[in-house]
Amino acid sequence: MDIPKAHLVDMYETMVRIRRFEERIRELYFADKLPAFDIAAGLIPGEMHLAAGQEPVAVGMRPHLHPGDAITATHRPHHVAIAQGVDLNKMAAEIFGRETGLGQGKGGHMHLFSVEPNFGCSGIIGEGMPVAVGAAMAFKARGTGNIALSYFGEGAANQGAFHESLNLAALWKLPVVFICEDNAYAISVPKASSTAIPDNSDRASAYGIPGVLVPENDPVAVYEVMGAAMDRARRGDGPSLIEIKTDRLWGHFEGDADAYRSDEFKEDMNVRDPLVAFGKRLVEEGVLSEAEQAAIKEKEYATVEAAIDFALASPYPAPEAALNHVFA
Amino acid sequence: MTTMTDRKLTMQKAIAEGIAQEMAVDPSVFVMGEDVGVYGGIFGATEGLLDKYGPERVIDTPISETGFIGAAVGAAINGMRPIVELMFVDFFGVCMDQIYNNMAKIHYFSGGNIKVPAVLTTAVGGGYSDAGQHSQTLWGLFAHLPGLKVVVPSSAYDAKGLMISAIRDDNPVMYMFHKGALGLGWMVNNPHATGPVPEESYTVPIGKARVAREGTDVTIVTVGLSVHKALDAAALLEADGVSAEIIDLRSLVPLDREAIVASVQKTHRLLVVDEDYQSFGMSGEVITTAVQGAFDYLDAPPVRVATPDIPIPYSHPLETWTLPSVDRIVAAVTEMVSG
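A quick note: this is a predicted structure, and the numbers were derived from the prediction, not measured.

Just checking my understanding: could you explain the overall build of chain B for this structure?
Of the regular secondary structure elements, chain B holds 12 helices and 14 strands. With the principal axes as the frame, chain B shows a C-alpha extent of 60 × 45 × 45 Å. When burial is assessed residue by residue, chain B has 63% of its 339 residues classed as buried. The contacts in chain B between residues at least 6 apart in sequence include a share of 81% that link residues at least 24 apart. Split by element, the accessible area of chain B, about 12500 Å² in all, is 56% carbon and sulfur.

Structure follows, in C-alpha cells:
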C-alpha cells in the first residue's frame, strides 16, 4: 500500500469510531423500546438508519479533505458526518433531541447540519445532490479552492435529481464528486430490480465525466479513487461519479425485520466485514499491531462514550423553543 | 424613504433595476434560471443584466428546476445570494421538494446556524388565456409552508424596493410577480403597472402592508394584480357614494395582521379579493385575522371575491368569469353596504 501510514491509521481510527458510535446508538435505541417495539418510545424515538459496514465509503475521502469542503449526505448520514469531523458531542446530542445538539433538537438524525465542517444531510432521497452542485458553484465563484462531495445511495441514482445534478455539474465543470454508496438494496428492492444497468458509474458517460467503480468495500481502494477524483475537482477539471460497492450490515432502519435479504447474503456480508478485514490487513502489512489496534479501540470507545454521556447529560429544549428558527 | 421622482417605470423594469443595483454593490448576488440571460427573462425581470454582469453572474440554466433551485440552496448556504427564477409558478410541481423540504427548512433544522438567503422569483397569474398550467397564483400554497417569505408586489415602486429587501434578507423569499402587473407591451394593457420609481437604491420592508387607497365604508384586502382591479372598482364605487379603503398586503408571509385589523376597525366591513383559489388560502386567513382582531367592529359578515375552486379555464368567457374582476368587486361591495 503506497499510502502514508498516518492516513491508514487515521482511516482505521475513524472506522472504529464510526462502528462504535453506530453500535452504541443501536443499543440505546433498542434499550427502552423492548419487549414490544414502539418506534416513538425511548431516549431515541423515530426512525434510525445506521451505517455499520459502510465505513469505507466515508473514511476513504477523509485524508483528502480540506477545511471548508462541503459534504451532503443521506438519510443514513452518521459515518460520513463522523468522517468529516462533525462535532461528535453535538451530533449525539441532536440524535437524543437535546438542546445542545447541532440543531438544538430541531432536526434529529436525518437532518444534521454543521457549519464547520461544512456538512448537511437530508431525509429525502437525492435531495442533497443539487445542493452540492450549488456549493460548488459558490466555491468556484468565490475562488475558495474548495470542493463539494455528494453522497447518495444506489436507489437515488434513479431520481431526477441525480441526472439533473450530474448534467449541471458537468455542463458547468464544477468541483463536485458524486459518491454512490451502493449497498445493493433500496430498503427491500435489490438493485437489479430497480436499475436498468449493473453499474451506476457507467451513467457518467452520459454526461461526459469520469465514472469509476470501486468493486470492493475497502477503505484503501476508496482512498485512491477518491483522491484522484477530489484532486481533479480541486484542479478545476470538473466532476466525477464514483460508485462504491458497500454493505449495510444491519436493516434499513432499526427494527427492520430484514427478511428481504437471504441468510446467505447476510452471512457473506458479515464474513467480509470491512472493519475486521481492514484490521487484519493492517496487522499483516505491519502498519498496526493487534495491541495497537486494541489501544485505538479503547481510545475511540472512550470518545464515543464521552459523546453519549454529553448528550444524556444535556437538557431537552424548552417545548416552546419549537417556535424559534423558522426565520433568521 | 426616498426622494420624490417624476421618473416612471413599468414594474418589470423596476424589478430588473432593483436586481441590477444589488448586483452592483454585492458580488455575492447572482441570477440563474431558464432564459434569464440572453432573453432577459421571459417576463423581463432580468432584462439587461447579462450585458452588465456577464454569464458568470447571469446564468441561463437547462430546463432542470430541481437541479438549479437545489443549486441555489447550496450556493446560498455557502456565501452567495442567488436569485433563482422559476419561470411560471405553475412549474413548482417538478421541483417542490427543493423549495419546501429543503430551502424552507434548513435554517430550522440547523437550529438557526445555517442561513439560506435565496430569492426565488416566479411569474404568477392569469387573465390572458394561458389555461390551467400557466395561469395560477398559488401564493397561498407557498404561504402555508413554514420557512418561506412570500412577497407579491403590485406597484413599480414596491417592486424595486421589495426586490432589494428580498435580496438582502437572510431567509428564502418567494418573490411572485403578476404577469398582468408588469406593464409588458404584449400583455393586457394596464395603466397601474407604471409608476414613479426613484433612480437610487431603496428598500421597502417585507411584511408591511400599504394603504393603496384610503376609505371609510369598506376595507378591501388584496394583493398583486387584484390591487389594480380593486382601485378601479373603488373609483366606480366612489361615484355611487361608497368609500372603499384598499389594503395592498405586499407580502403574505409575513402577513401584516395589524394593518388588516386597523382598517376593519375603521370601516367595519371586509372584502378580500384573492386571485388564488378560494378555499384554504389567503382569503380565509385574512378573514380569520379580522374576525379575531376586530369581531366587535364588524357590521357585516366578511365576503370574498376569489377564484372558485376550479382549474383556471382557457376560453376567454370562462376565464373572465372565473378570475376576480372589477365587476365582481363592485357587486360584492354594493351588496355588502346595502345589506
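Before we go on, may I ask you to explain the packing of aromatic side chains in this structure?
Given two aromatic rings, their pairing is described by the distance between the two centres and the angle made by the two planes. All names here are of chain A. On inspection of all chains with the given rule, the structure shows 13 aromatic pairs over all chains. Ring centres of Tyr185 and Tyr260 lie 5.8 Å apart, and the angle between their planes is 40°; on these two criteria the pair is classed as tilted. Of this pair, Tyr185 sits in strand β5 (residues 185–186) while Tyr260 is found in the loop between β8 (240–245) and α9 (263–271), placing the two residues 75 residues apart along the sequence. The exposure class of Tyr185 is buried, given its relative accessible area of 14%.

Whenever I open this one, a negative patch on the surface confuses me. Can you help?
Residue and element names in this part refer to chain A. On the surface, a cluster of negative charge is contributed by Asp263, Glu264, Glu267 and Asp268. Among the structural elements, Glu264 can be located in helix α9. According to the relative accessible area criterion, Glu264 is exposed, its value standing at 60%.

Looking at this structure, how should I read the pattern of salt bridges?
Proximity of charged atoms lets side chains of opposite charge pair with each other. Taken as a whole and judged by the stated rule, the model has 33 salt bridges over all chains. One salt bridge connects Asp258 of chain A with Arg261 of chain A, and the closest N-O pair in it is separated by 2.9 Å. Overall, the relative accessible area of 2% leaves Arg261 of chain A in the buried class. A salt bridge links Lys149 of chain B to Asp169 of chain B; its shortest N-O distance comes to 2.8 Å. Here Lys149 of chain B, found in strand β6 (residues 149–151), pairs with Asp169 of chain B, found in the loop between α7 (156–168) and β7 (173–178); they are 20 residues apart in sequence, far enough to count as distant.

Explain the side chain of Glu300 of chain A here, please?
Residues and elements named next belong to chain A. Relative to the elements of secondary structure, Glu300 occurs in helix α11 (residues 290–313). Since its relative accessible area comes to 2%, Glu300 is described here as buried. Engagement of the side chain of Glu300 in a polar contact is seen with the side chain of Lys299, the distance being 3.4 Å. Ignoring anything within four residues of it in the chain, the contact list for Glu300 reads Glu13, Val16 and Arg17.

Even after reading the chapter, I still don't get the side chain of Ser114 of chain A, so can you show me in this structure?
Within the secondary structure layout, Ser114 of chain A lies in the loop between α4 (88–95) and β2 (118–121). Since its relative accessible area comes to 8%, Ser114 of chain A is described here as buried. Not counting residues up to four positions away in its chain, the partners in contact with Ser114 of chain A are Val86, Leu102 and Phe119 of chain A together with Ile114 of chain B.

When you look at empty space enclosed by the protein in this model, what are you seeing that I'm missing?
The gaps of empty space that remain are located by a probe, the size of a water molecule, rolled over the atoms. Residues and elements named next belong to chain A. Summed over all chains, the structure comprises 1 cavity of 30 Å³ or more. Roughly 90 Å³ of internal volume is contained in the largest cavity. At the level of elements, β1 (70–73), α5 (128–142) and β3 (148–153) are the ones that each hand at least two residues to the lining of the largest cavity. Per-element tally for the lining of the largest cavity: the top contributor is β3, with 4 residues. When grouped by side-chain class, the residues that make up the lining of the largest cavity number 7 nonpolar, 8 polar and 1 charged.

The rules behind the values
- Residues numbered from 1 in each chain as written.
- Chains lettered and ligands numbered in written order.
- Predicted model: local features only at pLDDT ≥ 70, side-chain atom pairs only at ≥ 80, totals over all residues.
- Heavy atoms only, no water.
- Helix = DSSP H or I, 4+ residues; strand = E, 2+ residues; numbered from the N terminus.
- Buried < 20%, exposed > 50% of the residue type's maximum accessible area, 1.4 Å probe, protein only.
- Contact = heavy atoms within 4.5 Å.
- Areas by Shrake-Rupley, 256 points an atom, 1.4 Å probe, with all protein chains shown as cover.
- Phe/Tyr/Trp six-rings, centres within 6.5 Å; stacked < 30°, edge-to-face > 60°.
- Patch = residues over 30% accessible without salt bridge, like charges linked within 9 Å, V, L, I, M, F, W, Y side chains within 5 Å.
- Salt bridge = Lys/Arg side-chain N within 4 Å of Asp/Glu carboxyl O.
- Lys, Arg positive; Asp, Glu negative; His and termini not counted.
- Charge placed at Lys NZ, Arg CZ, Asp CG, Glu CD.
- Polar contact = N/O pair within 3.5 Å; in protein donor to acceptor, adjacent residues only side chain to side chain.
- 1 Å grid on protein atoms, 1.4 Å probe; cavity = no way out; pocket = protein on both sides within 12 Å on 5 of 7 lines; lining within 4 Å.
- Points joined across faces, edges and corners; volume = space filled by probe spheres on them.
- Nonpolar A, V, L, I, M, F, W, Y, C, P; charged D, E, K, R; others polar.

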